[in-house]
Amino acid sequence: MSGEIVCSFVELDVLGVALRLDVRQFPFSIPHFAVEVEERLRLGQVAQDELIARGLIRRDDFAPEFVQALNVYARGRVAIAMRGVADQEQHLALAVIDDHAGVLAVQEGEALRFELNRHGFETGFGFRPAPVGVAGVESSTRLRTRPGSGSPDASAGGRCCTSLPIP
């Protein structure tokens, strides 16, 4: 499996119930699908078949890296959300980290693409800088840690927060 995992909103709805995770994280708007029991069972079977075909379910169990990515996304201890517009297109992303890994979730239509980085916060999981001008960001934004501290340090390079002008 590559470092990227793509899940449709329907799959995330089913996975949230199966893994007891809150998959509805800001800034995304993931709807609830199917209220009726029969329809939920049907969607669950379709989602399971898709996940098996993509290698995310192996031998009747979820792939460990898949579960780790979803757990960090839903339960991570530090999160940075991005919601912006570039070229009249809305862009939504969420970067989440815990002590062991980081996940970048990016919305692509009615799905989320997850990128798992197992190096995590303690070893300097880096968020990609935003290009100048995208969504009004004036400079690159990076979150770094002080060597050995594990805590954010804005002076380590870049600004942790950027104030945006209000039109």
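About the thresholds
Residues numbered from 1 in each chain as written. Predicted model: local features only at pLDDT ≥ 70, side-chain atom pairs only at ≥ 80, totals over all residues. Heavy atoms only, no water. Pairing = 2+ DSSP bridges. Helix = DSSP H or I, 4+ residues; strand = E, 2+ residues; numbered from the N terminus. Axes fitted to C-alpha atoms, helices over the stretch in contact; angles between N-to-C directions. Contact = heavy atoms within 4.5 Å. Buried < 20%, exposed > 50% of the residue type's maximum accessible area, 1.4 Å probe, protein only. Polar contact = N/O pair within 3.5 Å; in protein donor to acceptor, adjacent residues only side chain to side chain. Phe/Tyr/Trp six-rings, centres within 6.5 Å; stacked < 30°, edge-to-face > 60°. 1 Å grid on protein atoms, 1.4 Å probe; cavity = no way out; pocket = protein on both sides within 12 Å on 5 of 7 lines; lining within 4 Å. Points joined across faces, edges and corners; volume = space filled by probe spheres on them. Nonpolar A, V, L, I, M, F, W, Y, C, P; charged D, E, K, R; others polar. Parallel < 35°, antiparallel > 145°, perpendicular 65-115°, else oblique. Core = buried A, V, L, I, M, F, W, Y, C linked by side-chain atoms within 4.5 Å.

Student: Lay out the sheet that holds strand E4 (residues 78-86) with the relevant residues and their values.
Tutor: With antiparallel pairing, five strands are arranged side by side in an open sheet as E1-E7-E6-E5-E4. Edge strands, defined here as strands with exactly one partner in the open sheet, are strand E1 (4-8) and E4. Taken over all neighbouring pairs, the strand axes of this sheet differ in orientation by 20° on average, direction set aside. Sheet topology note: the E4/strand E5 (residues 89-97) ladder contains nine bridges and is antiparallel. Bridging from a neighbouring strand, Arg83 pairs with Leu92 of E5. In this fold helix H1 (residues 9-19) packs onto E1, strand E6 (102-107) and strand E7 (111-117), with an angle of close to 90° to the strand it touches most, E1. Where helix H3 (residues 64-75) meets the sheet, it contacts E1, E5, E6 and E7, and its direction lies at approximately 105° from that of E7.

Student: Give me the lowdown on the environment of Asp99, citing residues and values where you can.
Tutor: Locating Asp99 in the fold gives a position in the loop between E5 and E6. The class of Asp99 is partly exposed, set by a relative accessible area of 37%. Separated by 22 residues in the primary sequence, Asp99 and Arg77 place their C-alpha atoms 8.1 Å from one another. Here the side chain of Asp99 touches Arg77 through a polar contact of 2.8 Å, side chain to side chain.

Student: If you had to explain the pairing of E5 to someone new, which residues and values would you point to?
Tutor: Counting the residues that bridge the hairpin from E4 to E5 gives two residues, and of these Asp87 lies at a positive phi of roughly 55°. As defined by bridge partners, E5 adjoins E6 across five bridges and the pair is classed as antiparallel. When the bridges of E6 are listed, Ala93 appears paired with Val106. Between E5 and E6, which pair antiparallel one after the other, the connecting turn spans four residues.

Student: Can you lay out the packing of aromatic side chains for me, pointing to particular residues and giving the numbers?
Tutor: Two aromatic rings are characterised by how far apart their centres lie and by the angle between their planes. Applying the stated criterion across every chain, the model contains three aromatic pairs. Between Phe28 and Tyr73, the ring centres sit 6.5 Å apart and the planes meet at 40°, which makes this aromatic pair tilted. Taken together, the residues span a long stretch of sequence, with Phe28 in the loop between H1 and helix H2 (37-53) and Tyr73 in helix H3 at a distance of 45 residues. Tyr73 shares its class with Phe28; the two are buried. Measuring from centroid to centroid gives 5.1 Å for Tyr73 and Phe114, while their planes differ by 75°, and the two rings are edge-to-face. Placement of Tyr73 in helix H3 and of Phe114 in strand E7 is noted, with a sequence separation of 41 residues between them. For the pair shown, Tyr73 and Phe114 are each scored as buried. Taken together, the aromatic side chains of Phe28, Tyr73 and Phe114 make up a single cluster linked through ring pairs.

Student: Which residues make up the layout of surface pockets, and what are the values?
Tutor: Rolled over the atoms, a probe as big as a water molecule pinpoints where empty space is left. In this structure, the second largest pocket spans a volume of roughly 170 Å³. The wall of the second largest pocket is formed by Val14, Leu15, Ala18, Gly44, Ala47, Gln48, Leu51, Ile57, Asp60, Asp61 and Phe62. In terms of residue class, the lining of the second largest pocket is built from seven nonpolar, two polar and two charged.

Student: Go over the packing of H1 against H3, please, and point to the residues and values.
Tutor: Axis separation between H1 and H3 bottoms out at 12 Å; the angle between their running directions is 90°. When the interaxial angle is binned, H1 and H3 end up roughly perpendicular. Residues Leu12, Leu15 and Leu19 of H1 touch H3, and the partners they reach there are Phe66, Leu70 and Arg75.

Student: Which residues make up the nonpolar core, and what values go with them?
Tutor: Formed by 28 residues in total, the largest nonpolar core has its most connected members in Leu12, Phe28, Phe66, Tyr73, Leu112 and Phe114. Among the secondary structure elements, those contributing two or more residues to this core are E1, H1, H3, E5, E6 and E7. Broken down by element, this core gets its largest block of residues, six residues, from H3. Residues in contact with Phe28, not counting those within four places in the same chain, are Tyr73, Leu92, Ala93, Leu94, Ala105, Gln107 and Leu112.

So yeah, pure geometry; function would need other evidence.
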